[in-house]
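Structure assessment
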Amino acid sequence: MKKRSAFVMIIPGLVILAVCLFLPLLRVLIPSLHTGEYPLSAYVTFFQDEYYRKIFVRTVKVACLTTGFCMVLGVPTAYFISRCSKKWRGILLSVSIFPMMTNSVIRSFAWINILGSNGLINRLLITAGIVEKPLKLLYTDFAIIIGSVYLFLPLMIVTVAGVMENIGDDMMEAALSLGADRIRAFMKVIFPMSLPGIIVGGILVFTGTLTAYTTPQLLGGNKNMVLSTFIYQRAMTVGDWDGAAVISLIMIVVTLAVIKGFNSLAARLDKRGGDHA
Amino acid sequence: MAYMTLKDIDVRYDKKKQVLKGLDLEVKEGELVSLLGPSGCGKTTTLRVVAGFIEPESGVFSLDGEDLTKVPVHKRNFGIVFQSYALFPHLSVYDNVAFGLKMRKLDKGQIEQKVKNILEICGLSEFEKRFPQQMSGGQRQRVALARALVIEPKLLLLDEPLSNLDAKLRINMRMEIKRIQKKLGITTLFVTHDQEECFSISDKVAVMNQGVIEQFDTPENIYQRPKTEFVARFIGFENFLSLKKEGNVYKTEAGAVFTVETVKDGDFVAGTIRPEDIRIAGEKEDHNVLSGTVGVRTFLGKSYQYEVLTAEGKFLVSRPAEEVYEEGSTIRLYLPESKLILVNK
Ligand SMILES: Nc1ncnc2c1ncn2[C@@H]1O[C@H](COP(=O)(O)OP(=O)(O)O)[C@@H](O)[C@H]1O
Ligand SMILES: [Mg+2]
C-alpha cells in the first residue's frame, strides 16, 4: 500500500524527465549510432582521428587533475571547517562558496587578468627578475585546470564538510590516545570515515569539470579545446549535429564509467556491512 | 610512593571560568582511583588534563617521576575508554583493537598474538570479525576496553564508561573492569557520578566539588567518616545540625548539648547522622537529644521511616517496624556520640 502511493508520487517527476530530458536526448543520440557505413562507425572514426583523440585525452586529463587537486585542497579545508564552532563554520562555509555565487564569465575574466601575458603573475615574476619574457600561462591546460579548481573547490568543501561535521571529536582523540600523531590519525580514521562524502564530492567535481563550457572556452581558448567546447564548435560553428551527438554520447559514457569507478572504489575501501561469516 | 601526581592544576576554558582550582591528586601504582562528584564539577576536565587533551594553565602532571605536562597525547601511552566508546566504525573489532599496535609498528605476528590475547581476556574472541555497529552496548564497551588495554598503557583512564548501559549490565561490567584491572595490575583513573558504582570498584575515591578535591580516601572511610558537609550530602547523609564548640562539647543555637568522640578543628561545624543510627531517648538521657514532632511516616518493609520536625530542621529517622509512632506525636531523638559525625561546613 505504502509502496504504491510512493510510486504514484514520483509519476509527475518521471513524466517531466521523460518528456523534457530522455526523449530529446534519445532523439539526438540514437541516430548517431547508425550514421556511417556500419553501426557505431561514427564512434570508430572519432577515435581514429588524432586531433579528436587529443581533445578526448585533454578533457579526461583536465577533469582528473581538477578532481585530484580539489580533493587534496578541499578535504583538509573541510576538516578544518568541520572542527570550528558553529558560528565560524557558517561564516567559513559562506566564504568558501562565494566563488559559486559570481557569474562564471566574470570569474574567468578575473583569471585572464591574473594569468595573461600582461597579468598579475607575469608582472610579478618579471619585476622580481625570475623570468625575462612573460610565461605563457593563459590558453593552456594549466589555465583550464586552475579555473576549474577555483570553480569546483567549493563543491568539494561543502560536500565533505557536511559529512565530517558528523564525525565526533572523540574519533580523533581516540586515535591520538592510541599513539597516532595528527596526520596519521587523520589518514587512518577521519579520511576513511569521510570517504562517502569525498566520493560524492569527487563525482560532482569530475562531471562538473567535464561538462563545464565557459571556463575552458575562456581560459583554454580555441587551441585547447575540450569535449564541451568541441561540441559547441561542431554544432554551432560547423553545423555538424551528428558529430556533436557523437561527442555527447562519449561524454555521457565517460561520466557513467567514472561514477561506477568511484563507487566500486568506495565499496573496496569500505568493507563495512559486507559478509562477516 | 606516588606513581601518578597532579600538583596544583589550574584549568580555565576560554580564559573565563576557572574549572580546576589548584587540584592535587596522588595515585599509587596499581591502584584504581575514582573521581566522584556531581555533573559539572570538573571530573572530565581532570581526566583530559591527565590524558593530554588539555594543557593546564599552571601545575604539573607527572608519572613515575617524569614531568609529562607538555608531552603530546600520542606520546603518553595511556589507554582511554571514552563515554561514547569512540570505536572506529570503519574497522572490525580486530582492527579496532589492533590500531594502537599498528601505530607502534609491531610486526604482524606480534600484533595478532597480542590482539587475540586481549580479546580472550575481555571475552570477545568470537567477535573479532564484527563491526562496532553490529554489537550491543556491553560488547562495544568491552571492545573499547580491549583497545585501550592492548597497548599495555602506563595508565588506564575511563570517563563514565558504564553510563550508557542498563542497570544490570552496569553491575556486571564494573566487576569485569575491576577483575581485568587487577589481573593486569594497571593504574587506573575512573570517572563517575554514581556513588554505589564508585564505592564498589575503587581502591580509593576522590570526591570533587567545583574544581577541587574535597576528600581523598578509601571508600570505607568516605562512607563512615566524610570530612565535609558536601561529601556527606553527596554520599547520602540527609540529617544535619549546626553546632558551635564550647570547651569540650558542642551546642546548637537553641542550647542543646552534644558530646562527640573526637572534636574537630574550627568553632562552627555540622553534625550528621544516618537515619538508622538515631535512637529514641530514654528518661535518663540529657544530652545529644533533640525533641521534635513526628511528620510523614513511610513503611519500608523491615522498618518505618519518619520525618521528624525539630528545632534544627527536618530529620529522617528509621525505626524497626515493631515500634510505631503516630503522626503529630512528640518524640525525643537520641544521637549517640559514637554515631554522630562532625563535618566541616
Ligand atoms: N570545552 C569546554 N568549553 C567551555 N566550558 C567547558 C568545556 N568543557 C567543560 N566545560 C565546563 O567546565 C565545567 C566542568 O566540566 P566537566 O569537567 O566536563 O565536568 P564533569 O565531567 O564533572 O561533569 C562545567 O561547568 C562545564 O560547563
Ligand atoms: Mg563528564
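Residues numbered from 1 in each chain as written. Chains lettered and ligands numbered in written order. Predicted model: local features only at pLDDT ≥ 70, side-chain atom pairs only at ≥ 80, totals over all residues. Heavy atoms only, no water.

Quick word on the overall build of chain B
We count it as follows: Runs of E in the DSSP output that reach at least two residues are strands. Runs of H or I that reach at least four are helices, and both are numbered from the N terminus. Buried means the residue's accessible area, taken with a 1.4 Å probe over protein chains only, is under 20% of the maximum for its type, while exposed means over 50%, and partly exposed covers the values in between. Whether two residues are in contact is decided by their heavy atoms, any of which lying within 4.5 Å being enough. The Shrake-Rupley method, run with a 1.4 Å probe, gives the accessible areas here. Residue values count only the displayed protein chains as cover.
Secondary structure summary: chain B contains eight helices and 20 strands in total. For the C-alpha atoms alone, the extent of chain B along its principal axes is close to 80 × 45 × 35 Å. For chain B, the proportion of its 345 residues judged to be buried stands at 52%. Long-range pairs, those at least 24 residues apart, make up 65% of the contacts in chain B with a sequence separation of at least 6. Summed over all atoms, the accessible surface of chain B reaches about 16300 Å², with 47% contributed by carbon and sulfur.

A look at the interface of chain B and chain A
Cut-off, in case you're wondering: The term buried area refers to how much accessible surface (probe radius 1.4 Å) is lost by two components on association, counted for both of them together. We count a salt bridge whenever a side-chain nitrogen from Lys or Arg sits within 4 Å of a carboxyl oxygen from Asp or Glu. What qualifies as a polar contact is a pair of N or O atoms within 3.5 Å, subject to a donor-acceptor requirement within protein and to the restriction that residues adjacent in sequence count only when both atoms come from side chains. Side-chain classes follow a simple rule in which Ala, Val, Leu, Ile, Met, Phe, Trp, Tyr, Cys and Pro form the nonpolar group, Asp, Glu, Lys and Arg form the charged group, and the remainder, Gly included, forms the polar group.
With 25 residues of chain B at the interface, the matching set in chain A holds 19 residues. Across the chain B/chain A interface, buried area totals approximately 2100 Å², and carbon plus sulfur atoms make up 67% of it. Contact with chain A buries surface across chain B, with H74, H90 and M103 of chain B losing the most and accounting together for 30% of the total. Our count for the contact surface shared by chain B and chain A stands at one salt bridge. Applying the counting criterion to the chain B and chain A interface returns five residue pairs in polar contact (both at pLDDT 80 or more). The set of elements that each furnish at least two residues to the side of chain B that touches chain A consists of strand 6 (78–81) and helix 2 (93–103) of chain B. Sort the elements by how many residues they give to the side of chain B that touches chain A and helix 2 of chain B lands first, with four residues. In terms of residue class, the side of chain B that touches chain A is made up of 13 nonpolar, six polar and six charged.

Quick word on the sheet that holds strand 12 (residues 249–251) of chain B
Residues and elements named next belong to chain B. Stated precisely, the cut-off is as follows: Only strands that DSSP links by at least two bridges are regarded as paired with each other.
Reading across from one edge, 13-12-11-14-20 is the order of the five strands in this open sheet, with antiparallel pairing throughout. With one partner strand each, in any of the chains shown, strand 13 (257–258) and strand 20 (341–343) form the two edges of the open sheet. Here strand 11 (residues 239–246) runs beside strand 12; their pairing, made up of three bridges, is antiparallel. Paired with E246 across the strands is V249, a residue of strand 12.

Let's talk about the confidence of the model for chain B
The predicted structure's coordinates, where accompanied by low pLDDT, should not be read in detail. Heads up, the rule is: Along the chain, pLDDT gives the predictor's confidence residue by residue, from 0 to 100.
Predicted confidence across chain B gives a mean pLDDT of 94, with 100% of residues reaching 70 or more. Across the predicted assembly, pTM comes out at 0.85 and ipTM at 0.86.

Quick notes on helix 5 (residues 104–115) of chain A
Residues and elements named next belong to chain A. For clarity, the threshold we go by: Each residue after the first adds 1.5 Å to the expected span of a helix.
The terminal C-alpha atoms of helix 5 lie 16 Å apart, and with 12 residues this matches the ideal 16 Å at 1.5 Å per residue to within 8%. Those residues of helix 5 that are buried lie in contact with helix 6 (120–127), helix 7 (141–164) and helix 10 (214–220). The distance from a side-chain oxygen at the start of helix 5 to the backbone nitrogen of V105 is 2.6 Å, and the residue carrying that oxygen is N103.

Here's the deal with empty space enclosed by the protein
Residue and element names in this part refer to chain A. Worth spelling out the cut-off: Grid spacing is 1 Å over the protein atoms alone, the probe is 1.4 Å, and a cavity is where that probe fits but cannot get out, while a pocket is an open set with protein on both sides within 12 Å along at least five of seven lines and lining residues have an atom within 4 Å of a point. Grid points are joined across faces, edges and corners, and a volume is the space filled by probe spheres set on the points.
Scanning the entire structure with this criterion turns up three cavities of 30 Å³ or more. The computed volume of the largest cavity comes to approximately 60 Å³. Lining the largest cavity, in full, are T59, V62, A63, I144, S148, T209, L210, A212, P216 and V226. Elements with a contribution of two residues or more to the lining of the largest cavity: helix 3 (50–83), helix 7 and helix 9 (182–211). Broken down by element, the residue count for the lining of the largest cavity peaks at three residues, all from helix 3. Split by residue class, the lining of the largest cavity holds seven nonpolar, three polar and no charged.

Describing the domain arrangement of chain B
How big an interface is tends to be stated in terms of accessible area lost as the parts join. What counts is decided by this rule: Domain delimitation follows an automatic or database domain assignment.
What the domain assignment reports for chain B is domain 1 (2–224) and domain 2 (237–344). Each of domain 1 of chain B and domain 2 of chain B has a C-alpha centre, and the two are 41 Å apart.

Structural notes on the environment of V8 of chain A
Looking at the element boundaries, V8 of chain A is found in helix 1 (residues 2–34). In this structure, the C-alpha to C-alpha distance between V8 of chain A and V200 of chain A, residues 192 residues apart in sequence, is 29 Å.

With respect to the packing of aromatic side chains
The condition that has to hold: Only the six-membered ring of Trp is used, alongside the rings of Phe and Tyr, when aromatic pairs are assigned; centres must lie within 6.5 Å, and planes under 30 degrees apart are stacked while those over 60 apart are edge-to-face, with the rest tilted. Placement of a positive charge over a ring is assigned whenever Lys NZ or Arg CZ falls within 6 Å of the ring centre and within 35 degrees of the normal to the ring plane.
Summed over all chains, the structure comprises 17 aromatic pairs over all chains. Note on F46 of chain A and F47 of chain A: the rings are 5.1 Å apart at their centroids and 75 degrees apart in plane angle, and the pair reads as edge-to-face. Judged by its relative accessible area of 3%, F46 of chain A is buried. Here F47 of chain A falls in the partly exposed class, since its relative accessible area comes to 31%. Ring geometry for Y306 of chain B and Y325 of chain B: centres 5.8 Å apart, planes at 75 degrees, overall edge-to-face. Separated by 19 residues along the polypeptide, Y306 of chain B in strand 17 (residues 303–310) and Y325 of chain B in the loop between strand 18 (313–320) and strand 19 (330–334) bring together distant segments of the chain. In this pair, the class of Y306 of chain B matches that of Y325 of chain B, namely buried. Members of the aromatic cluster, connected to one another through ring pairs, are F46, F47, Y51, Y52, F56 and F230 of chain A. Its end group placed over the ring of F240 of chain B, R233 of chain B keeps NZ or CZ at 4.1 Å from the ring centre. Lying across the ring of Y304 of chain B, R297 of chain B places its NZ or CZ 5.0 Å from the centre.

Structural notes on the environment of D64 of chain B
Residue and element names in this part refer to chain B. Residue position: D64 is located in the loop between strand 4 (58–63) and strand 5 (66–67). Judged by relative accessible area, D64 falls into the exposed class, the value being 53%. Each C-alpha atom, one on D64 and one on A2, is 7.7 Å from the other, the two residues being 62 residues apart in sequence.

Some points on the sheet that holds strand 6 of chain B
Whether parallel or antiparallel, the strands of a sheet pair through hydrogen bonds between backbone atoms. Residue and element names in this part refer to chain B. Our working rule: Every axis corresponds to a line fitted to the C-alpha atoms, with the helix fit spanning only the stretch in contact, and the corresponding angles, defined between N-to-C directions, vary from 0 to 180 degrees.
An order of 6-7-8-3-9-10 is seen for the six strands of this open sheet, with the pairing classed as mixed. Two strands close off the open sheet at either side, each with one partner strand: strand 6 and strand 10 (212–217). Ignoring which end each strand starts from, the neighbouring axes of this sheet average 20 degrees apart. Two strands pair when backbone bridges link them, and strand 9 (residues 204–209) and strand 10 are joined in this way by five bridges, in the antiparallel orientation.

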